[in-house]
Amino acid sequence: MGGILNQPPPYADGCLHARPDILRQIAHQRQPPLKTGTHQLSFADGRSAILHVPPHADGQLLPLLLLLHGAGGQHGGADHIALAYAVRHGVLLLMPASAGTSWDFLRGGYGPDLAFLDRTLLWTMQRYEVDQQAMAIAGFSDGASYALSVGLMNGDLFSDILAFSPGFMSPLRRLGQPRIFVAHGKDDPVLPVQRGQAIAQRLAQEGYVVEYQEFDGAHIVSPPVARAALQQLAAR
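In this text, all values refer to a predicted model and were calculated from it rather than measured experimentally.

Criteria and thresholds
- Position numbers for residues count from 1 along each chain, tracking the sequence in the order it is written.
- Residue-level local features of this predicted model are given only where pLDDT is at least 70; pairs of side-chain atoms are given and counted only at 80 or more, and the full residue set underlies all totals for whole chains, interfaces and linings.
- Excluded from the side-chain calculation are hydrogens and water; included are all heavy atoms of the structure.
- Runs of E in the DSSP output that reach at least two residues are strands. Runs of H or I that reach at least four are helices, and both are numbered from the N terminus.
- Expected helix span is computed as 1.5 Å times (number of residues minus one).
- Only protein chains enter the calculation, and the probe is 1.4 Å; a residue is then buried if its accessible area is under 20% of its type maximum, exposed if over 50%, and partly exposed in between.
- An arc is given here, and it is the one of the directions from the helix axis to the C-beta atoms.
- Working rule for contacts: check all heavy atoms of both residues, and any pair within 4.5 Å makes them a contact.
- Only rings of Phe, Tyr and Trp enter the pairing, Trp through its six-membered ring, and a pair is recorded when the two centres are within 6.5 Å. The plane angle decides the type: under 30 degrees is stacked, over 60 is edge-to-face, the rest tilted.

Here helix H6 (residues 193-205) is 13 residues long and its end C-alpha atoms lie 19 Å apart, about the 18 Å a rise of 1.5 Å per residue gives. Restricting attention to buried positions, one finds in H6 the residues Val193, Gly196, Ile199, Ala200 and Leu203. For H6, the buried positions fall inside an angular range of 125° around the axis, keeping them on one side. Structural note: H6 exposes Gln201 and Gln205 on the side pointing more than 90 degrees away from its buried face. On the buried face of H6, the contacting elements are helix H5 (142-153), strand E7 (179-185) and strand E8 (210-215). Just past H6, the residue glycine 207 takes up positive phi, approximately 100°.

The following block contains the structure:
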């Protein structure tokens, strides 16, 4: 009994389980897709997410971008930029909401929010042919910190990580070699630019392919920088 009681809670290890290739092997798991457009997803437990579905999505192999908000649900403008990118390039855009004001790791450890990311990814993969070679995770502020942490732990799932004004990274382990993009405003009063610099430098020293850009601005997502980063993502 003691061994059972001492087992860590689900997702405490930081691992995501949804995989497109596995779902393709289970025909009965397929669900009817939603129509083209942007949809508000509401789940029975009160959790929510936004999913943008590009035209001609049914049966096509599609890239996917998972975008995470900052504290208080703020995207810093990344949501509008990402939506324009998704529309232009035919990408599935998934934007889940955290249970609290920020993501679970900032409130005690990986758990409910990571489970919800897995749930929304599974929900999407059951309805669309997601290209596992073209999955990216991105975020702004706290969402950037969470995207870095989750992306590094699940680098076999995400080929790219885009972090706009991150504050830290706390992966429990490393898996795969995702490409990493970090951008930070030189005049950021919330998360100083030195944090972004340190993150990029450390990851480069660890052998990751890292691109780092600074811009004139505060705690926001720079539209030109973000559009250029997403354009590079589309080109790959």
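Quick look at the packing of aromatic side chains now. Each aromatic ring pair is described using two quantities: the centre-to-centre distance and the angle formed by the ring planes. As enumerated under the stated definition, the model contains six aromatic pairs in all. When the centroid spacing of 5.5 Å and the interplanar angle of 90° are considered together, the rings of phenylalanine 43 and phenylalanine 116 count as edge-to-face. Residue phenylalanine 43 is located in the loop between strand E1 (37-42) and strand E2 (48-53), and its partner phenylalanine 116 is located in helix H4 (residues 112-125); the two are separated by 73 residues in the primary sequence. Owing to a relative accessible area of 3%, phenylalanine 116 belongs among the buried residues under this scheme. Aromatic pair tyrosine 110 and tyrosine 146: ring centres 5.9 Å apart, planes at 35°, arrangement tilted. You can see tyrosine 110 sitting in the loop between strand E4 (92-96) and H4 and its partner tyrosine 146 sitting in helix H5, a full 36 residues away along the chain. In terms of burial, tyrosine 110 and tyrosine 146 fall into one category: buried. One aromatic cluster is present, built from ring pairs that chain together Trp103, Phe105, Tyr110 and Tyr146.

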